[in-house]
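Spelled out, the chains give:
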Amino acid sequence: MARYLVATLATGLLATNAALAESVRVRTAEHDGFTRIVVDFTTRREWTLAAVEGDQVLRIQDGMPSYDLSDAFRRITDRRVRGLSDDGNGGLRVGLNCDCVVQTTTRANGGLILDVMDRDVTAGPPVWAWMDVPPPVLLPGNLTSALNNASAPKDANDRQNELRREVSAQLARGVAQGLVELDPERPMDDRGSAPDPAPGHVSITTAADRDRTMAPENAEVACIGPEALDVASWKPEGWPDRWIGGSFAALTDAADRPDPNALKTRVRHLLFLGFGAEAAQMLHAAEASAVIVPDAGVMAEMAALTDGPADAPLLSGQAACAGPGIVWALLADGRSFPRTAGVEGLLTEFSRLPSHLRTNLGPRLVAELIALQMPNIAAEVDAAVKRGNPPADAKTAMMTARIATEDGRPEDARESAQAVIKARSPDAVEAMRLMLEQAERYPDLVSPDLPDQALALAFEAESPEREELTLATIRLMAGKGDIAGGFGELLRLRDATDETDIQDADVVTRLHGALNDTPSDDGFVRLAAQSVRDWPPVDDEELRVARAKRLTDLGLHRIARSVLSGFDAPPGRAERLILARIQLNDDDPDLAESYLAGLEGPDVVSLKALIEEARAAQQAIAAEPLPVDVQNPATARRELLDGSRAIRAEVEALLGQR
């Protein structure tokens, strides 16, 4: 109990200290008629705002936070606010540079908004100035009634007013973005409110809704307008010699506010140049500054895909739409790309791209098309890339290796893949996997040290590529007959990795199959005995039966029994027949017969006949007169059988140790 109380007190003290030491970000923005200051409290706080020497000082009553002002003056002038400072005692001082009023609004997430407003702006920001009716008209009837309930407790009224302000602000934001449209033709009742539930009085639409009207007939996806994806047409003026100055010019308006359309143009220029990370950073900065850039969502996905694979839900469905979206759809989600898509349109749109974008995107398109079993289209994309005379880098070498593999040119594929590996490019692991596949298909081209090279590269790779490349190498080792080496690498991989993360069932099966195919009996017996001792069991019943049968044919019944033992599932028909033969060989016809219970067929009849012969032989031995000097006949027979078994076990043990 004391330990619990101490832990509870410690937790409370930590929470209190965290509140006292909280760092609160302060953001600002300039608007017509007012300057907005947003204090990002993470929870609702009790606060006071008081005039001190012509300034306003904000304090909270339950802590002494510090204020992060690093971004405070990036987006405002000193027209109304001459300074923001942390007084060191938990207070935020707002230095005023005007005869202004300060209006406060508490946000739903606990943050606080301070609007420093000109005196002639008396009603705050004109959120609803564009409406002819009060805001509650826009809300469903039940919610409107709750907001207008005058008999509710004071705290409930506060929550209602807060909700009213929040809904109003969100709807205003939607209107500004073109996502909310009023339907002025819908009549209202005499009470001045829309009939409940007012399904048609407010029309909420999204960009996807609008784009869907452009989709082909029967399409299940929302087609994005071609102009929003046509990166080939976004060349900066003056490119490639003099474009930087014009592209960076006029990103802000006369009031030094970010211009959304200028930012959109700049991002498009960066995408044309193939600068995905730079385009993404500019979009992120605009979002952080609350600047709504047109087509930002689509351009953000294009930026991500420019630099590599990425999640792009807006672009992944564009394969069914005409225009440049088909290229981005294949990059976004090759697995879902329909093979019936207009491949001619894909080649046309890809060929329109400037050569540097073809060089950047082409290798990934080739990989996706080959995975879709469309090698002819992949070869066309490869040709479109090479028309631009790309540099001989690792990306183009990897593309050449894939095309050569599909064309059945193993030597060219190996040469290109080796260039990728030598460059230590991000595609090195994929290039090595391709070489391993070539080695399986063309064994004569395998260099003896290829498995060692692959394992060395796998050691340097990160998960999951490390595991995938190691397993691919083990498959090759199995094909070359290096069973012990393959199992050794598999066990090392399991020791270094959580076994549940390794999909190695097919590799284990392949190794066991190769073991069964060992041509010499001597090598087969040695590997089979080591398998029982050290390696994963034979889960494949067909392989298990084949191995046990070969061992019994060699007279090694104990090892054969071990191969068939230790499985949760009951033995199958073929396994029961082998176990019956093993027991018959051990002079136990009764146990041998028990394995045959319920089985039928000529092989069962033949085995039962052998069991009856064994019983008859045992009975004949029992009835045969014994020499006079044998005092205990039963003991003598048992000693003879035990000696025979001991000799057999010793021989098998010696074979298993070789």
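Heads up: the structure comes first, above all this text.
Now for a look at the structure at hand. (Residues numbered from 1 in each chain as written. Predicted model: local features only at pLDDT ≥ 70, side-chain atom pairs only at ≥ 80, totals over all residues. Heavy atoms only, no water.)

1. Section: helix H12 (residues 355-371)
A turn of α-helix holds 3.6 residues, and therefore any two residues three or four places apart point the same way.
Phase 1: Helix length check: H12, at 17 residues, gives a terminal C-alpha distance of 24 Å against a target of 24 Å (1.5 Å per residue), a fit within 8%.
Phase 2: The largest bend along H12 reaches roughly 40° and is located at leucine 361, with the proline proline 363 sitting one to four residues downstream.
Phase 3: Summarising burial for H12: twelve of the 17 residues are buried, a large majority.
Phase 4: Taken together, the buried positions of H12 are occupied by Leu357, Arg358, Thr359, Asn360, Leu361, Gly362, Pro363, Arg364, Leu365, Val366, Leu369 and Ile370.
Phase 5: Just past H12, the residue glutamine 373 takes up positive phi, approximately 60°. (Helix = DSSP H or I, 4+ residues; strand = E, 2+ residues; numbered from the N terminus. Expected span 1.5 Å × (residues − 1). Bend = angle between axes of the 7 residues up to and from the residue. Buried < 20%, exposed > 50% of the residue type's maximum accessible area, 1.4 Å probe, protein only.)

2. Some details on the state of the cysteines
Phase 1: Inspection of every chain in the model, using the stated rule, returns two disulfides.
Phase 2: At a sulfur-sulfur separation of 1.7 Å, the disulfide partner of cysteine 98 is cysteine 100. Across the S-S bond linking cysteine 98 and cysteine 100, the dihedral sits near -125°, which makes this disulfide left-handed.
Phase 3: Classification of cysteine 98 as partly exposed rests on a relative accessible area of 26%.
Phase 4: Residue classification places cysteine 100 among the buried residues on the basis of a relative accessible area of 9%.
Phase 5: Across the disulfide from cysteine 223 sits cysteine 321; the S-S distance is 1.8 Å. In this structure the cystine formed by cysteine 223 and cysteine 321 twists about its S-S bond by roughly -85°; its chirality is therefore left-handed. Taken together, the positions of cysteine 223 in the loop between helix H4 (207-212) and helix H5 (244-248) and cysteine 321 in the loop between helix H9 (313-316) and helix H10 (325-332) put the pair 98 residues apart, joining distant regions of the chain.
Phase 6: Judged by its relative accessible area of 3%, cysteine 223 is buried. (Disulfide = S-S within 2.5 Å.)

3. Description of the packing of helix H21 (residues 521-534) against helix H22 (residues 541-553)
Helix-helix packing is described using two parameters, namely the angle between the two axes and the distance between the axes.
Phase 1: Closest axis-to-axis distance for the H21/H22 pair is 11 Å, and the angle between their directions is 120°. Taken together, the axes of H21 and H22 lie oblique to each other. Of the two elements, H21 crosses H22, and the hand of that crossing is left-handed. Taken together, the residues of H22 that come into contact with H21 (itself represented by Asp521, Phe524, Ala528 and Ser531) are Arg547, Arg550 and Leu551.
Phase 2: Here the residues of the contact of H21 with H22 are counted per class, giving three nonpolar, one polar and three charged. (Axes fitted to C-alpha atoms, helices over the stretch in contact; angles between N-to-C directions. Parallel < 35°, antiparallel > 145°, perpendicular 65-115°, else oblique. Left-handed = near helix turned anticlockwise from the far one by under 90°. Contact = heavy atoms within 4.5 Å. Nonpolar A, V, L, I, M, F, W, Y, C, P; charged D, E, K, R; others polar.)

4. Brief notes about the nonpolar core
Phase 1: Membership of the largest hydrophobic core comes to 53 residues, with the highest contact counts inside it found for Val231, Leu271, Met302, Leu315, Trp328, Phe350 and Leu369.
Phase 2: Setting aside anything within four residues of it in sequence, one finds methionine 302 in contact with Ala228, Leu229, Val231, Trp234, Leu271, Leu315 and Trp328.
Phase 3: Judged by nonpolar contacts, the second largest core, of 30 residues, contains Ala478, Ala528, Ile578 and Leu579. (Core = buried A, V, L, I, M, F, W, Y, C linked by side-chain atoms within 4.5 Å.)

5. Notes on the pairing of strand E1 (residues 23-31)
Phase 1: As judged from the three bridges shared by E1 and strand E5 (residues 66-68), these two strands associate in the parallel manner. The partner of arginine 25 across the bridge, within E5, is aspartate 68.
Phase 2: Where E1 lies against strand E2 (residues 34-39), six bridges are found, and the strand directions are antiparallel. Following the sheet pairing, threonine 28 is matched in E2 by isoleucine 37. (Pairing = 2+ DSSP bridges.)

6. A short note on the sheet that holds E5
Phase 1: Pairing is mixed across the open sheet formed by five strands, whose spatial order is E5-E1-E2-E9-E8. The outermost strands of the open sheet, each flanked by one partner alone, are E5 and strand E8 (101-106). On average, each strand axis in the sheet is tilted by 25° relative to the strand beside it, whichever way the strands run.

7. Some details on the layout of surface pockets
Phase 1: For the second largest pocket, the calculated volume is near 1,100 Å³.
Phase 2: Along the walls of the second largest pocket sit 37 residues, with Arg364, Ala367, Glu368, Arg402 and Asp427 positioned nearest its centre.
Phase 3: For the lining of the second largest pocket, the secondary structure elements donating two or more residues are helix H8 (296-307), H10, H12, helix H14 (394-406), helix H16 (428-441) and helix H18 (465-479).
Phase 4: Here the lining of the second largest pocket takes seven residues from H12, the largest share from any one element.
Phase 5: Per-class residue counts for the lining of the second largest pocket are 14 nonpolar, seven polar and 16 charged. (1 Å grid on protein atoms, 1.4 Å probe; cavity = no way out; pocket = protein on both sides within 12 Å on 5 of 7 lines; lining within 4 Å. Points joined across faces, edges and corners; volume = space filled by probe spheres on them.)

8. A closer look at the packing of helix H15 (residues 410-422) against H16
Phase 1: Relative to each other, H15 and H16 sit at 155°, their axes nearing to 8 Å. The pairing of H15 with H16 is recorded here as roughly antiparallel in orientation. H15 and H16 meet at a crossing whose hand is left-handed. Here Pro410, Ala413, Arg414, Ala417, Gln418, Val420 and Ile421 of H15 lie close against H16, whose contacting residues are Ala428, Ala431, Met432, Leu434, Met435 and Gln438.
Phase 2: The residue inventory of the contact of H15 with H16, partitioned by class, reads ten nonpolar, two polar and one charged.

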